Every structure is written in C-alpha cells, then in structure tokens.
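# Report on the structure
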Amino acid sequence: MKILAIHNFHRKGSASGDDQVFKSETALLEAHGHTVVRYTVTNDSFDHSGALGKLRAAFGMLWSFRHYRAVRALIRRTQPDVVHIHTFFPLLSPSILYAAKRSGTPVVATLHDTRFVCPCATSLRGTELCNACGDGHYFRMCRYRCFKGSRLQSALVGLIFKYHRIRRSFYRQIDRYICLNDNQMALLRGIGFSQDKMVKKYNFVPDAEANCKPITMAELPSRYAVFYGRIGEEKGVRALMQIW
C-alpha cells in the first residue's frame with residue numbers, strides 16, 4: 001500500500017507527542033513493506049520568516065493556497081492509496097483536507113488532541129477542564145484569552161474554526177477519524193461527529209528493552225508512581241500529584 005502521510009511539525013526541540021507518533025508510525029509502516037510519501041512542514045519556518053512572511057502565514061492558517069496546490073499535485077504525481085493526515089494546524093491549514101478529498105483518495109486523520117472540540121487543543125481554561133467551544137461559539141476564547149493568553153490570537157483562531165465549522169470541513173472532508181481513547185470519541189459524538197467514521201487506536205512506543213539499557217536503583221520507596229511524558233498542565237500531572 002502507498003500512503004501519503006501529512007503532518008505539521010512543532011518547533012525543533014519541542015517534546016511533542018504527535019511529532020513522535022508521526023515518525024514512529026511512518027517508520028513502522030515502511031518496516032512492514034508499505035510505501036510512505038511524506039509531506040511535512042515545521043513551525044520553525046514561521047519563526048524564520050520576516051514580517052511579510054508571518055502575515056502571509058497567518059492568513060494561510062484559514063486557507064493555505066500554497067499547501068492546497070502542493071498536496072493536489074503530490075497526489076496526482078504519486079497516486080497514493082490513502083491520505084493520512086496527522087496535524088494540519090497551524091501552517092498547513094484545513095485546505096489540505098479539501099485537496100485530499102477532491103482528489104478522490106480516501107482520507108483518514110489521526111486526532112492527536114481535542115482540537116475539533118477545543119481550538120486550543122488542550123480542553124483547558126487556565127487550569128480547569130473546559131470543552132465549552134464544542135457548541136461552536138468560538139469567540140468566547142477572546143474573553144478568556146484562551147489561545148496563548150492573547151485576545152487577538154484567540155480571535156484569529158476563533159475565526160478559523162468558525163469558518164470551517166460553517167463549511168463543516170472537519171465533518172465532510174475526512175472519511176475516517178483515528179481516535180486515541182473513548183473520552184475523545186464521546187466528545188466528538190457530542191458535537192455531531194458520526195460514530196460510524198471513528199476507530200480507536202492507541203499510540204505505541206518501540207520496545208523499550210530493545211532500545212534502552214535498564215536502569216537499576218539501589219532503593220525505591222514502598223509506594224511510588226512513574227509519569228512519562230511532557231510536563232504540561234493539560235497532561236494532568238497536577239491531578240496525578242493531588243490524587244497520589
């Protein structure tokens with residue numbers, strides 16, 4: 001099978017789970033004999049742009065004509081059996097969903113977060129759980145400065161998701177949603193996504209024994225917990241500490 005895998009990488013050096021999943025899954029597919037064509041961008045390109053480039057990229061977050069045309073051309077040239085989209089935000093934009101769908105190729109998307117419910121992708125307002133924007137009233141983000149503590153950036157992100165909510169881009173342009181857990185699937189059902197288009201697939205890590213040397217410790221407490229992941233409010237570390 002030939003797969004076109006599309007992903008918007010975070011900044012270089014960030015400990016981002018979706019970046020690692022993209023690398024691990026594409027490598028695993030190739031190891032099992034599949035052909036993987038990659039189309040990727042990185043947020044570093046935004047940082048390295050001048051003022052005009054940043055302004056162009058900001059408007060492109062709503063609809064990127066450049067990436068739309070590039071993905072259409074790549075599909076025509078490589079003829080993949082399926083297009084697998086990981087992360088499109090912010091630089092690729094939802095335009096790539098249309099590029100893939102209009103090419104007649106099946107489109108699947110791994111939903112690495114809750115961005116279709118919460119445009120910030122964290123489901124948090126400050127330190128409190130929040131999925132209120134699932135109702136489509138995204139401009140409440142401005143009141144709470146949800147996106148990076150900025151009313152202006154919150155308004156921009158709210159506009160992007162309002163536009164694509166009206167067009168139902170995330171409902172109509174994706175044939176299958178790969179979800180990570182039952183809670184994520186329940187959130188999507190709650191805002192009108194079809195259960196029939198959802199499948200659940202857990203993330204994986206390579207065999208630790210094959211890639212890491214065991215660490216021995218002289219003493220361990222009788223009770224302890226191990227957290228493995230990025231330290232961030234949305235990861236629930238605070239709740240884990242309180243419970244433990």
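A short tour of the structure in this document, coming up. Please read all numbers here as calculations on a predicted model, not as lab measurements.

## Describing the pattern of salt bridges
- One pass over the structure, following the stated rule, counts seven salt bridges.
- With a closest N to O distance of 3.0 Å, Arg38 and Glu30 form a salt bridge.
- Residue Glu30 is classed as partly exposed on the basis of its relative accessible area, which comes to 36%.

## Points about the nonpolar core
- In this structure, Leu4, Ile6, Phe116, Tyr177, Leu188 and Phe193 are the most contacted members of the largest nonpolar core, which totals 47 residues.
- Broken down by element, this core gets its largest block of residues, five residues, from helix H5 (residues 95–102).
- With sequence-adjacent residues up to four places away left out, Tyr177 is seen in contact with Ala109, Leu111, Phe116, Phe170, Tyr171, Phe193, Lys197, Met198 and Val199.

## Section: helix H9 (residues 182–190)
- Every buried residue belonging to H9 is among Gln184, Met185 and Leu188, and all of these are buried. Viewed end-on, H9 has its buried residues packed into an arc of 100°, placing them on one side of the element. Counted as exposed and oriented over 90 degrees from the buried face of H9: Asn183 and Gly190.
- Looking at the buried residues of H9, the elements they touch are strand S7 (176–179) and strand S8 (198–200).
- Between the side-chain oxygen at the start of H9 and the backbone nitrogen of Asn183 there is a gap of 3.2 Å, and the oxygen is on Asn181.
- Of the residues flanking the end of H9, it is Gly192, one or two places downstream, whose phi is positive at about 100°.

## Points about the packing of helix H4 (residues 65–78) against H5
- Between H4 and H5, the shortest axis-to-axis distance is 8 Å and the interhelical angle comes to 25°. The angle between the axes of H4 and H5 places the two elements in the roughly parallel class. The handedness of the crossing between H4 and H5 is right-handed. Touching His67, Tyr68, Val71, Arg72 and Ile75 of H4 are Ser95, Ile96, Tyr98, Ala99, Ala100 and Arg102, all from H5.
- For the contact of H4 with H5, the residue count by class is seven nonpolar, two polar and two charged.

## A few points about the sheet that holds strand S2 (residues 35–42)
- Sheet architecture is open: six strands sit in the order S2-S1-S3-S4-S7-S8, paired in parallel fashion. The outermost strands of the open sheet, each flanked by one partner alone, are S2 and S8. Across the sheet, the axes of successive neighbouring strands diverge by a mean angle of 20°, strand direction being ignored.
- Bridge count between strand S3 (residues 82–85) and strand S4 (residues 107–110): three bridges; the pairing is parallel. When the bridges of S4 are listed, His84 appears paired with Val108.
- In the packing of H5 onto the sheet, contacts are made with strand S1 (2–9), S3 and S4, and the angle to S3 comes to roughly 170°.
- Across the face of the sheet, H9 comes into contact with S7 and S8 while running at roughly 165° to S8.

## Section: the side chain of Ser93
- Here Ser93 lies in the loop between S3 and H5.
- Polar side-chain contacts of Ser93 include one of 2.9 Å to the backbone nitrogen of Ser64.
- Apart from the residues within four sequence positions on either side, Ser93 is in contact with Gly60, Met61, Leu62, Trp63, Ser64 and Phe88.

## Some thoughts on helix H7 (residues 151–167)
- Here H7 spans 24 Å end to end across 17 residues, near enough to the 24 Å set by a 1.5 Å rise per residue.
- Along H7, the residues that are buried comprise Ser154, Val157, Gly158, Ile160, Phe161, His164 and Arg165. Down the axis of H7, the smallest arc covering the buried residues is 160°, so these residues share one side. Pointing more than 90 degrees away from the buried face of H7 are the exposed residues Leu152 and Ile166.
- Buried residues along H7 sit in contact with H5, helix H6 (140–144) and helix H8 (169–172).
- In this structure Ser150 caps H7, since a side-chain oxygen of it lies 3.3 Å from the backbone nitrogen of Leu152.

About the thresholds
- Residues numbered from 1 in each chain as written.
- Predicted model: local features only at pLDDT ≥ 70, side-chain atom pairs only at ≥ 80, totals over all residues.
- Heavy atoms only, no water.
- Salt bridge = Lys/Arg side-chain N within 4 Å of Asp/Glu carboxyl O.
- Buried < 20%, exposed > 50% of the residue type's maximum accessible area, 1.4 Å probe, protein only.
- Core = buried A, V, L, I, M, F, W, Y, C linked by side-chain atoms within 4.5 Å.
- Helix = DSSP H or I, 4+ residues; strand = E, 2+ residues; numbered from the N terminus.
- Contact = heavy atoms within 4.5 Å.
- Arc of directions from axis to C-beta.
- Polar contact = N/O pair within 3.5 Å; in protein donor to acceptor, adjacent residues only side chain to side chain.
- Axes fitted to C-alpha atoms, helices over the stretch in contact; angles between N-to-C directions.
- Parallel < 35°, antiparallel > 145°, perpendicular 65-115°, else oblique.
- Left-handed = near helix turned anticlockwise from the far one by under 90°.
- Nonpolar A, V, L, I, M, F, W, Y, C, P; charged D, E, K, R; others polar.
- Pairing = 2+ DSSP bridges.
- Expected span 1.5 Å × (residues − 1).

As far as function goes, none of this settles anything; it's purely spatial.
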